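Listed below are the residues making up each chain.
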Amino acid sequence: MARCCSVLAAFLFEYDTPRIVLIRSRKVGLMNRAVQLLILAYVIGWVFVWERGYQEVDSVVSSITTKAKGVTTTNTSQLGFRIWDVADYVIPAQEENSIFIMTNLIVTMNQTQGFCPEVPDSTSTCESDANCSAGSTGTHSNGVATGRCVPFQGTVKTCEVAAWCPVEYDAEVPRPAFLKAAENFTLLVKNNIWYPKFNFSKRNILPNITTSYLKSCIYDAVTDPFCPIFRLGKIVADAGHSFQDMAIEGGIMGIQIRWDCNLDRAASHCLPRYSFRRLDTRDLDHNVSPGYNFRFAKYYKDLAGTEHRTLIKAYGIRFDVIVFGKAGKFDIIPTMINVGSGLALLGVATVLCDIIVLYCTKKRYYYREKKYKYVEDYEQGISDSEMDR
Amino acid sequence: MARCCSVLAAFLFEYDTPRIVLIRSRKVGLMNRAVQLLILAYVIGWVFVWERGYQEVDSVVSSITTKAKGVTTTNTSQLGFRIWDVADYVIPAQEENSIFIMTNLIVTMNQTQGFCPEVPDSTSTCESDANCSAGSTGTHSNGVATGRCVPFQGTVKTCEVAAWCPVEYDAEVPRPAFLKAAENFTLLVKNNIWYPKFNFSKRNILPNITTSYLKSCIYDAVTDPFCPIFRLGKIVADAGHSFQDMAIEGGIMGIQIRWDCNLDRAASHCLPRYSFRRLDTRDLDHNVSPGYNFRFAKYYKDLAGTEHRTLIKAYGIRFDVIVFGKAGKFDIIPTMINVGSGLALLGVATVLCDIIVLYCTKKRYYYREKKYKYVEDYEQGISDSEMDR
Amino acid sequence: MARCCSVLAAFLFEYDTPRIVLIRSRKVGLMNRAVQLLILAYVIGWVFVWERGYQEVDSVVSSITTKAKGVTTTNTSQLGFRIWDVADYVIPAQEENSIFIMTNLIVTMNQTQGFCPEVPDSTSTCESDANCSAGSTGTHSNGVATGRCVPFQGTVKTCEVAAWCPVEYDAEVPRPAFLKAAENFTLLVKNNIWYPKFNFSKRNILPNITTSYLKSCIYDAVTDPFCPIFRLGKIVADAGHSFQDMAIEGGIMGIQIRWDCNLDRAASHCLPRYSFRRLDTRDLDHNVSPGYNFRFAKYYKDLAGTEHRTLIKAYGIRFDVIVFGKAGKFDIIPTMINVGSGLALLGVATVLCDIIVLYCTKKRYYYREKKYKYVEDYEQGISDSEMDR
């Protein structure tokens, strides 16, 4: 017990510090300080100032609403004079993080369930019933083959299918785009972000924006970088593409909102940065299913109660709002991790200089003698050749 | 070769350890241990116990389904007595992470394509055709101007537009909200989460929840914190807002599910925590496009085959289910990073004590003499003033 | 001033390096090197090679489009012979990250607003009007009770409700699934990913895939791992479930695309990995609201202008495309943090060997004498017992 106490006392009242050789040498001293300075500059400058290694980071949680505005008219032989407003060209009426604006369409009106010839292509054209196997359905067919070969137009005969008749003929996309005026439609994007770790929330309609400004502004990277209302044509142009080209076969545009916030500074410095990117990179080389389109139908019933529908193959631009970014705020954990690593790196200075001093200088034997004390294992024969007197 | 071997042998059979001065002093010793204890307490207590620095973390991957339930009736002069069920007020019928419940609406029935006077406002009222420029369309107009000035109502004249006629008149939102009974509708949220790094998955319907409990329970933070069925009114109330207020102009509610899991413990401790937040922070100051609404239409055809539609401007609450959280599990990498940093920090104790001992104590010259061995660069003139005898 | 300069000079031209005891002992030396080797192997092998600790990581930002293909026919007494194509079974027509394929349905045709008896269940069956409280509406009721008890079928009487009449009777789900042929439908998934930190983007249609290959290929984990066209039946089978079972009550399938990219290598090594998982883990034990279904309606108007609708309770499989993954690229910050920690860990080797040498070997007193220089606080009485002469 007494022994235990004395050991404890020895442990508590002891202070151990390494013994140091202080070499007074201009060359070596300066080199040492220079290396230390470099490491210190790296740790402070790069890790702390540039990368803000003293901050804890959190990823953004976001909520989006969008609203399109704009009206246009078209005048075609198939549909006649027609007005298109938001309820007509936004499909579906609301989505969570994206909005689809129809810019082009192929309408097949008054389809009813029945039997009709397939659209002619390499697999559907036929000479006789023998070419059509009943019940078969190809990847691109509009219906299920009945096994009969019927005239499609003039002398062309195709396999008959059970389908919504007449079947859609979508080989030719209208050029220019049907709703080419969509270029001037506008899109209001409301975005509310939240950093759960710091319980910090903000929205993209900044506090200093007035109502009257919002009613008239249009986003522009230079003059109106914080206006949340975008002209569709400008979004596509800013991404380096042509709206009229894109409108024909459709596509996906990313509206990227970057929120990089340093929460050690005032909240007013935490601002959204908008950028635009086309997300359906269209390689002209292998142009498989280019653009963006989908089919939907409007269903009607006639007097007899039989259902018919208008099938619409809608080409258009889907605007995906992508919100990302990180917020940083001072936190003791990453600070300490980086300080610890920095200190360990400072030790590298000594190691480096030691290598130079002990192996590369003329006076290396002299310095080694000062730094090292050689102790031989006395069982190995020779007596202690202690060189450190 | 022989020389090489001897160098290798020297390297292998050598063990170098720093020479230490052990100072037996109560003051200095206690101070040293105290500083070391503090650092150790920080490393173990804060980094390892509190922040669980020994764990690797992974972010949640989640999948959501929602289902609303509830029926209500309304009785108005425009629509008569009418029943509203799920298929009527959930638009669109299904979404991935959110559900929209219509709570208020402005219906414009029997619209057809045609020409009619615009709704009067500062830009559309006119005296004569000269005030209306044909082909123009403003941001808020319902159609494309024809260039004629026609009577709207009584003596008020507005520019005529090509539009779906009659145009919508949405200046006044019904108060109280049309479907104010939506407060008592319920929402079932099914959430399945997955931590890919740990291949751990769980769902918010916990294993110990019985079917009969699920059929009758309603979420309550205190009494039923794990019931996944929410009363809409309660969601809004828990976020500190009034449902009836919110129902009038709509809004976005976030249903936040936090899954913070310590996978070093049993899976049954990994539980969802629900919280609610209004995401469309309505500043009364600059009330631009408040709430949440969108337009959609139901299309009909009459006997003659002309299309007409019922336009609905739907106000309502979109419930966005936001799932976030991190799971942690012991991993050797972060543990070692933190141990390494902790060890480096322990070195700070020695540095701190050295500064005090060597610069601030009375006996500093004595201690310095013990710690340092001064070596002059002998080329610089003076012979070695070795002070360490 | 002069003094200040001399201190600065001393600081600049001084080089301090710890004094080292070099113990020439086979046992201790080998042990020391072995421990150092282990730590070095850990730092280099595990942290740098395996976990790539020298890389900065970024999470993926992704954009998805999906397109289903397939046609089928059904023949039932209720609906007669009927064709189902994409516009019929994909609801809604487009979504951002998921697609719903209807596989089963309960149709209630020609509903109109009115009064009719509720479907009989434990709460709706009644003997007389006294059992029905006017205005009440249960969680599962289809309408608002009028307070009358009316005959439902035969002798069964149920409470009358104001509802869309006739009310839906969904007690029995069709078995096998109505659109069981959906197993052979195909799904094209186009995915474009982006790592914002590295400004690296790629899509899942790889550059070396030809158009003709894409027109005919079907994903298979072994033979066609990069074909982005999936057969629905195969997706479900790969997740270990039966499509025909799942089609009856619906469910959620996750199509997971993992992009783990080492951007220090060529971009062509950054490839998508597909996997499939059922997200609505169906516990047979507590089978609350199993599968996935929702209701939607198609609205019609008859000659008199009264609205009627076809209510569809759609069961089906929602395919959620979940994209995740991390990209790593060499970066100086994490490298330095790990190098720093590694160096600190190397110090552990010395500490470990010291403990063994100074406390566990026979010659411990001999080594201690060499390593330590004991300095007594001379105020504590005894003169310096300096043992290191």
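Residues numbered from 1 in each chain as written. Chains lettered and ligands numbered in written order. Predicted model: local features only at pLDDT ≥ 70, side-chain atom pairs only at ≥ 80, totals over all residues. Heavy atoms only, no water.

Some details on the overall build of chain A
Within chain A, the secondary structure is distributed over 8 helices and 19 strands. In terms of overall size, chain A is more extended than a compact globule, its C-alpha atoms giving a radius of gyration of 38 Å where 389 residues would be expected to give roughly 21 Å. With 389 residues in all, chain A has 54% of them scored as buried. Taking all contacts inside chain A whose residues are at least 6 apart in sequence as the whole, residues at least 24 apart take part in 68%. (Helix = DSSP H or I, 4+ residues; strand = E, 2+ residues; numbered from the N terminus. Rg over C-alpha atoms; globule rule 2.2 N^0.38 Å. Buried < 20%, exposed > 50% of the residue type's maximum accessible area, 1.4 Å probe, protein only. Contact = heavy atoms within 4.5 Å.)

Comments concerning the sheet that holds strand S1 (residues 14-18) of chain A
On the basis of which strands lie adjacent, the open sheet formed by 3 strands has the order S1(A)-S2(B)-S19(C) and mixed pairing. Unpaired on one side and paired on the other, S1 of chain A together with strand S19 (372-376) of chain C mark the two borders of the sheet. The average undirected angle you get between the axes of adjacent strands in this sheet is 25°. Two strands pair when backbone bridges link them, and S1(A) and strand S2 (residues 20-24) of chain B are joined in this way by 5 bridges, in the antiparallel orientation. Residue pairing in the sheet places Thr17(A) in a bridge with Val21(B) of S2(B). Relative to the sheet, helix H8 (residues 364-371) of chain B contacts S1 of chain A, S2 of chain B together with S19 of chain C, its axis offset from that of S19(C) by approximately 165°. The sheet contacts of helix H8 (residues 364-371) of chain C involve S2 of chain B together with S19 of chain C, and relative to S19(C) the element is tilted by about 70°. (Pairing = 2+ DSSP bridges. Axes fitted to C-alpha atoms, helices over the stretch in contact; angles between N-to-C directions.)

Here's the deal with the confidence of the model for chain A
Residue and element names in this part refer to chain A. Confidence in the prediction for chain A averages 84 pLDDT; 94% of positions are at 70 or higher. Strand S12 (residues 229-231) holds the highest mean pLDDT among the elements of chain A, 95, whereas strand S19 (residues 372-376) holds the lowest, 75. Taken together, the stretch residues 380-389 has pLDDT below 50 and engages in 26 contacts with residues farther than four places along the chain or on a different chain. (pLDDT = per-residue confidence, 0-100.)

Quick look at the pairing of strand S2 (residues 20-24) of chain A
On a regular strand, one side chain projects to one face of the sheet and the next to the other, so that they alternate. For S2(A), the buried fraction is high: 4 of the 5 residues fall into the buried class. As judged from the 5 bridges shared by S2(A) and strand S19 (residues 372-376) of chain B, these two strands associate in the parallel manner. Its bridge partner lying in S19(B), Ile20(A) is registered against Tyr372(B).

What about the pattern of salt bridges?
A pair can form between side chains of opposite charge whenever their charged atoms are brought close. Residues and elements named next belong to chain B. Taken as a whole and judged by the stated rule, the model has 45 salt bridges over all chains. For Glu160, the salt bridge identified is with Arg148, shortest N-O distance 2.5 Å. Taken as a pair, Glu160 in strand S9 (residues 156-165) and Arg148 in strand S8 (residues 144-153) lie far apart in primary sequence, 12 residues in all. Among the ionic pairs, Arg295 bridges to Asp170, the shortest N-O distance being 3.0 Å. Of this pair, Arg295 sits in strand S16 (residues 293-301) while Asp170 sits in the loop between S9 and strand S10 (186-195), placing them 125 residues apart in sequence. Classification of Asp170 as partly exposed rests on a relative accessible area of 25%. (Salt bridge = Lys/Arg side-chain N within 4 Å of Asp/Glu carboxyl O.)

Comments concerning the sheet that holds S2(A)
Sheet architecture is open: 3 strands sit in the order S19(B)-S2(A)-S1(C), paired in mixed fashion. One side of each edge strand has no neighbouring strand; the edge strands of this open sheet are S19 of chain B together with strand S1 (14-18) of chain C. Going from strand to strand, the sheet's axes swing by 25° on average, the running direction of each strand aside. Lying on the sheet, helix H8 (residues 364-371) of chain A is in contact with S2 of chain A, S19 of chain B together with S1 of chain C; it crosses S19(B) at an angle near 165°.

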